[in-house]
Amino acid sequence: MKESLHSAMAAELRRRIRSGEIGVGESLPSEADLCEEFSASRTPVRQALATLREEGLISGGQGKRSMVLDAVPSQPFGSFLSFTMRAELTGHVPGQRLQEIALRRPDRAVAAALQIGADELVVQLLRLRLLNGRPAMLERMTYTESVGRPLMSADLDAGSIYALLTELGTDLASARHTFDAVAADATDAELLDVAPGSALLRERRLTTDSQGVPIEWSDDRYRPDVATVTVTNTRSTRTARL
């Protein structure tokens, strides 16, 4: 599938920022200059700039000249279900290495999160995620048995589990994300190539179907030097009535 013009423009501008060709604190070319350079109308130019703005790379908008804020793209919160999608959106090459997958009984905390009995079976997997070949995040994912069973015979080094589950018709409707900091345990340290006790960004995620039934519980741990998160809040224009 051919890449859209605004995606190609965003990728090129992102490359210039990450390489230092356009430094932090410097202004991007004007919209008019970008239109001329890329032989494009203002619409794709503005879409490309909006993408970089969402990633936290640039400021500007509403008639103001865009300025570089950072050289390291962050993951937009709206795309936070898929590591593969986030990596590609921010100009990285994603990768993965499955460490283990097993059918077992969950511990009490996981069973409580998934709202199942402690004697029920779940599918649990441990998978290392890579950015440009570097260890970036360690996934500890638990699925209810009916959802996770197909994963046991799938090639989980091939790409996004969420894309695979979607293809299988899994009802992925909502996810609640909780972020905090934890110290790297022995497994984290070995696979993420950090010292034991190093601070890691942890995301705990509960995914539910359209009926609100839990289907996945995940404990994902990121190296903070290769992964960040940006959350953008927009105030509603509606006025609450008392």
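Before any of the text, the structure's been laid out above.
Residues numbered from 1 in each chain as written. Predicted model: local features only at pLDDT ≥ 70, side-chain atom pairs only at ≥ 80, totals over all residues. Heavy atoms only, no water.

Asks: Honestly, the nonpolar core in this entry has me stumped. Any pointers?
Replies: Counting residues in hydrophobic clusters, the biggest one holds 17 residues, and the most contacted among them are Ile-17, Leu-28, Val-45, Leu-49, Leu-52 and Ile-58. Mapped onto this core, the elements with two or more residues apiece are helix H1 (5–19), helix H2 (31–38) and helix H3 (42–54). Beyond its immediate chain neighbours, meaning those up to four positions away, Ile-17 contacts Ile-22, Leu-28, Leu-52, Leu-57, Ile-58, Val-68, Asp-70 and Ala-71. Counting 11 residues, the second-largest nonpolar core is a separate cluster that includes Val-182, Ala-184, Ala-189 and Leu-191. (Core = buried A, V, L, I, M, F, W, Y, C linked by side-chain atoms within 4.5 Å. Buried < 20%, exposed > 50% of the residue type's maximum accessible area, 1.4 Å probe, protein only. Helix = DSSP H or I, 4+ residues; strand = E, 2+ residues; numbered from the N terminus. Contact = heavy atoms within 4.5 Å.)

Asks: Which parts of the structure should I look at to understand the packing of H2 against H3?
Replies: Packed helices, taken two at a time, are described by the angle between their axes plus the distance between the axes. Closest axis-to-axis distance for the H2/H3 pair is 9 Å, and the angle between their directions is 110 degrees. When the axes of H2 and H3 are compared, the pair comes out roughly perpendicular. Viewed along their axes, H2 and H3 form a crossing whose handedness is right-handed. Between H2 and H3, the residues in contact are Glu-31, Ala-32, Leu-34 and Cys-35 and Arg-42, Val-45, Arg-46 and Leu-49, respectively. Tallied by class, the residues present in the contact of H2 with H3 amount to 5 nonpolar, no polar and 3 charged. (Axes fitted to C-alpha atoms, helices over the stretch in contact; angles between N-to-C directions. Parallel < 35°, antiparallel > 145°, perpendicular 65-115°, else oblique. Left-handed = near helix turned anticlockwise from the far one by under 90°. Nonpolar A, V, L, I, M, F, W, Y, C, P; charged D, E, K, R; others polar.)

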